[in-house]
Amino acid sequence: MLADFLHNKSEHTLALFRHFMEQYQKIGPVTLHPTKSMIGLAAKTRIAYVIRLGRDFVDVVFPFDKPYEENLCFQKIAQVPGTSQYNHHLRLSSKEDINAEVKKFMKMAYTAGK
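What you see is a predicted model; the values in this text were computed from it and never measured.

Definitions and limits used
- Residues numbered from 1 in each chain as written.
- Predicted model: local features only at pLDDT ≥ 70, side-chain atom pairs only at ≥ 80, totals over all residues.
- Heavy atoms only, no water.
- UniProt positions renumbered as here; feature names shortened; annotations may be inferred.
- Helix = DSSP H or I, 4+ residues; strand = E, 2+ residues; numbered from the N terminus.
- Pairing = 2+ DSSP bridges.
- Axes fitted to C-alpha atoms, helices over the stretch in contact; angles between N-to-C directions.
- Buried < 20%, exposed > 50% of the residue type's maximum accessible area, 1.4 Å probe, protein only.
- Polar contact = N/O pair within 3.5 Å; in protein donor to acceptor, adjacent residues only side chain to side chain.
- Contact = heavy atoms within 4.5 Å.

**With respect to the UniProt feature "domain: DUF5655" (unreviewed entry) in the protein**
Under the UniProt annotation, the feature "domain: DUF5655" (unreviewed entry) is placed at residues 4-111. Span residues 4-111 is 30% helix and 31% strand, its end C-alpha atoms 29 Å apart.

Here it is in structure tokens:
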């Protein structure tokens, strides 16, 4: 199923996806759980979701138990209806988008999912 997500994607998008995964592996071991509509990343529980591999970007969602409004990296923060989960939407367009702030949120998600 992972191959389905990666099939016919641009080299730029594939490089962004690989870079994102490499950065997560530096934080700790992460496993991939591809579904029909997304790729889940998990420590013990799901810590992030790759929801779209575009022509020149990768969209990622981090589920947190509260909104982190004070940030420069998330395009959108939305509460999942009927839950206390807040999805934080991030668009990666270049490797440099995984900066110190994004890495901080990646670590927070990883720690919450351990």
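There is more to say after this.
**Comments concerning the environment of Gly 28**
Mapped onto the elements of the fold, Gly 28 is located in the loop between α2 (11-27) and β1 (31-34). Measuring from C-alpha to C-alpha, the distance between Gly 28 and Ala 43 comes to 7.8 Å, with 15 residues separating the pair along the chain.

**Topic: the sheet that holds β1**
Reading across the sheet, the six strands line up as β1-β2-β3-β4-β6-β5 and stay open at both edges, with antiparallel pairing between neighbours. The two strands at the open ends of the sheet, each matched to only one other strand, are β1 and β5 (76-79). Direction aside, neighbouring strands of the sheet carry axes that sit 25 degrees apart on average. Pairing geometry for strand β4 (residues 58-64) and strand β6 (residues 86-92), over seven bridges, is antiparallel.

**Some thoughts on the side chain of Thr 13**
As for its placement among the helices and strands, Thr 13 is situated in helix α2. Its relative accessible area of 0% is what places Thr 13 among the buried residues. From its side chain, Thr 13 meets the backbone oxygen of Gly 54 in a polar contact 2.7 Å long. At 2.8 Å, the side chain of Thr 13 forms a polar contact with the backbone oxygen of Arg 55. When near neighbours in sequence (up to four residues on either side) are disregarded, Thr 13 contacts Leu 53, Gly 54, Arg 55, Asp 56, Phe 57 and Val 58.

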